[in-house]
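Structural characterization, general
Read off the chains here:
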Amino acid sequence: MRKLELLAPIVALSLAAAPVRAGTEAFHVSLDGLAAFPVGTLAGGRSAADAMDTGFGLKAEVLYDLAPAARAGIAIAGIFDDAEALVGPARVPADLTAIPVHAVFELHTPRRARFGAYGEAGFGMTAATLRPKGLGAAETRSQTAFSFLAGGGLSLEVAGDWQARVGALYEQAVTGEGEVWAKGDDPKFVLLTLGAHFHR
């Protein structure tokens, strides 16, 4: 239930934010399911894949045209993962939730192309919450850190203003000492995305 509550604002963004300026500019809305694979090592030398499992979630983007082959806007995602928390001397299972919010810039092939490609980059913040399982709200930890992403993908026009898209992104937070991450943990994920893109 908690995950559904966190995903609701992401879906609402994709449905409500785009029409705000639609009368004057072309806009684009993407809604993707994602799988998040932790990569690299944490500050202590431990593999990120040993500390976190593959995560899943949802990503939404609302973009506006800047030029025929460029657009910019905002992206928000919810990533849910099984991880570990250090409670006293012991490591215990925990639920990790990451909410990255990024300003994004995208380059893409011409809109009229049935098959297309795009590349994007962005920067912003990621809010992380770590909840040790079975220990109650008192042990819940939160931390916000600067983060960035880069990647791209392919698109296929399926009907009118709709496209199917598949993509891959590299996303990294730059962390200091906090409740969720240690200084230098700098958690990194490869995100695989699959979803729909609407443009007007």
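Residues numbered from 1 in each chain as written. Predicted model: local features only at pLDDT ≥ 70, side-chain atom pairs only at ≥ 80, totals over all residues. Heavy atoms only, no water.

Pairing analysis gives 11 bridges linking strand β2 (residues 55-67) to strand β3 (residues 70-87), with the strands arranged antiparallel. By the bridge assignment for β3, A67 is matched with A70. Counting the residues in the hairpin turn of β2 and β3 gives 2 residues. In this sheet, strand β4 (residues 90-108) lies alongside β3 in antiparallel orientation, the contact comprising 16 bridges. The residue of β4 that forms the bridge with I74 is A103. Taking the residues between adjacent antiparallel strands as the criterion, β3 and β4 are bridged by 2 residues, where G88 takes a positive phi near 65°. (Pairing = 2+ DSSP bridges. Helix = DSSP H or I, 4+ residues; strand = E, 2+ residues; numbered from the N terminus.)

Our next topic: the sheet that holds strand β1 (residues 27-39). Read around the closed barrel, 8 strands run β1-β2-β3-β4-β5-β6-β7-β8, paired in antiparallel fashion. Along the sheet, successive strands turn relative to each other by an average axial angle of 25°, direction set aside. The pairing of β1 with strand β8 (residues 188-199) spans 12 bridges and is classified as antiparallel. Of the residues in β8, the one forming a bridge with L31 is A196. (Axes fitted to C-alpha atoms, helices over the stretch in contact; angles between N-to-C directions.)

Close reading of the predicted structure is inappropriate where its pLDDT is low. Per-residue confidence for the chain averages 86 on the pLDDT scale, and 84% of its residues sit at or above 70. Across the chain, the secondary-structure element scoring lowest on mean pLDDT is helix α1 (residues 2-16), at 53, and the one scoring highest is strand β7 (residues 162-174), at 96. Counted against residues more than four places away or in other chains, residues 20-24, with its pLDDT under 50, gives 3 contacts. (pLDDT = per-residue confidence, 0-100. Contact = heavy atoms within 4.5 Å.)

Here we come to the pairing of β2. It is a general feature of regular strands that their side chains alternate between the two faces of the sheet. Pairing of β1 with β2 involves 10 bridges; the strand directions are antiparallel. For A36, the partnering residue across the bridge sits in β2 and is G55.

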